[in-house]
Amino acid sequence: MGCRSLCTFKKTTGTAKARIRETGTAKCIESLKNNCTLPVTIKHRIGVDNDDSFVNLNNFVRIIANAGADRFTVHARKAILKGLNPKQNRTIPPLNYDVVKKLKKSNPELLIEINGGLTNIDESLKALNDFDGVMIGRSIYKHPLRWSEIDQKIYRINKKHKSASKIIYSLIPYIEGHLSNGGKSWDICKHLINLVEGIPKAKIWRNQISNKSIKKELNIEYLLKLTTALEEMGY
Ligand SMILES: Cc1cc2nc3c(=O)[nH]c(=O)nc-3n(C[C@H](O)[C@H](O)[C@H](O)COP(=O)(O)O)c2cc1C
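Once a new chain begins, its residue numbering starts again from 1 and follows that chain's sequence as written. Given that the model is predicted, a residue must reach a pLDDT of at least 70 before its local features are reported, and side-chain atom pairs must reach 80 or more before they are shown or counted; all residues, however, enter totals for whole chains, interfaces and linings.

> Can you help me understand the sheet that holds strand β1 (residues 41-48) in this one?
Backbone-to-backbone hydrogen bonds join strands into a sheet, with any given pair of strands oriented parallel or antiparallel. Following DSSP output, two strands are said to pair if at least two bridges run between them. Each helix is a run of H or I in the DSSP string that is no shorter than four residues. Each strand is a run of E no shorter than two, and both are numbered from the N terminus. Taken in spatial order, the 4 strands of this open sheet run β1-β2-β3-β4, and their pairing is parallel. A strand with exactly one partner marks an edge of an open sheet, and here the two such strands are β1 and β4 (133-135). Taking each pair of neighbouring strands and ignoring which way they run, the sheet shows an average axis angle of 30°. Bridge count between β1 and strand β2 (residues 71-79): 7 bridges; the pairing is parallel. When the sheet's bridge partners are listed, Ile 42 is paired in β2 with Phe 72. Against the sheet, helix α3 (residues 97-106) contacts β1, β2 and β3 (112-115), and its axis sits at roughly 175° relative to β3. Each axis is a line fitted through C-alpha atoms, and for a helix only the stretch in contact is used; angles between axes span 0 to 180 degrees, taken between their N-to-C directions. Throughout, a pair of residues is in contact if the C-beta atoms placed from their backbones lie within 7 Å.

Given below as structure tokens:
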């Protein structure tokens, strides 16, 4: 279960809202647990609007644990439903890692992962001293190559570093298939361009792809030409 829809409980208020949240979520977890063999995990925040006390958070987590949740991923911000939209809710409520640390210390038997605001491998490794896991959202999406040594640094698995051009070449058959099924190149390129950053003329490279792709003028030959230029620069 994830926390994508922040609006679900908008129409109820106060204690009633907290109770519905706990019992409703517990019922979902129980049902998932009884009907599948996969681990059931939950992602949640540290509070909602004024319902942000540690007691309530801890209570929520214990109820959900009793319902059978195997792992908790806690976004270390509260959600502000009154006044902030989902995008603003990812940046404006302040991060509070200490409250999640307290949650883990109070429930050492539970698997508790931290989420929110972590931007690189070193920060994540440090967070693993306090938590059972780390979930990364925006940084891995926006800066995928920044994380290329993660298997080595966390799992000690030696993987050969793949350059941006190598990764893009490997995506060509997938892009061709998507285009021949009537898909748009931008569906893929808007993500792919994040591979090219922190190198000379990266912005120009990304703009060249974006401009053509958004106008539906990008073909495979053009993508290959620009990717070869990247490769020749050593990226
Ligand atoms: C591309 C992308 C997809 C995401 N998909 C989900 C999702 O399916 N379920 C979910 O609970 N959160 C999702 N999130 C939110 C993140 O898991 C995370 O809670 C949020 O971005 C805050 O963490 P961050 O500071 O590391 O980005 C997504 C975020 C990004 C950037």
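> It is not clear to me how the domain arrangement of the protein chain should be interpreted in this structure. Could you clarify?
Quoted interface sizes are often the accessible area lost when the parts come together. Domain annotation of the protein chain identifies domain 1 (14-154) and domain 2 (164-232). Domain delimitation follows an automatic or database domain assignment. On a C-alpha basis, the centres of domain 1 and domain 2 stand 34 Å from each other. With 5 residues of domain 1 at the contact, the number on the domain 2 side is 4 residues. The classification used treats Ala, Val, Leu, Ile, Met, Phe, Trp, Tyr, Cys and Pro as nonpolar, Asp, Glu, Lys and Arg as charged, and all other residues, Gly among them, as polar. A breakdown of the residues in the side of domain 1 that touches domain 2 according to their chemical character gives 3 nonpolar, 1 polar and 1 charged.

> Whenever I open this one, the environment of Lys 142 confuses me. Can you help?
Here Lys 142 is to be found in helix α5 (residues 138-142). Residues Lys 142 and Leu 84, spaced 58 residues apart in sequence, show a C-alpha to C-alpha distance of 23 Å.

> For this particular structure, what's the right way to read unusual backbone geometry?
A negative phi angle characterises most non-glycine residues, just as the trans form characterises most peptide bonds. The phi angle at Asp 49 is positive, at roughly 50°, despite the residue not being glycine. With respect to the helices and strands, the residue Asp 49 is situated in the loop between β1 and α2 (54-66). Think of it as a crowd count around each C-beta: if 20 or more other C-beta atoms lie within 10 Å the residue is buried, if 12 or fewer it is exposed, and in between it is partly exposed, with C-beta placed from the backbone throughout. Note on Asp 49: 17 C-beta atoms within 10 Å, which makes it partly exposed. Here the phi dihedral of Arg 156 falls at roughly 60°; this positive angle occurs in a residue that is not glycine. Along the chain, the position of Arg 156 falls in the loop between α6 (150-155) and α7 (164-180).

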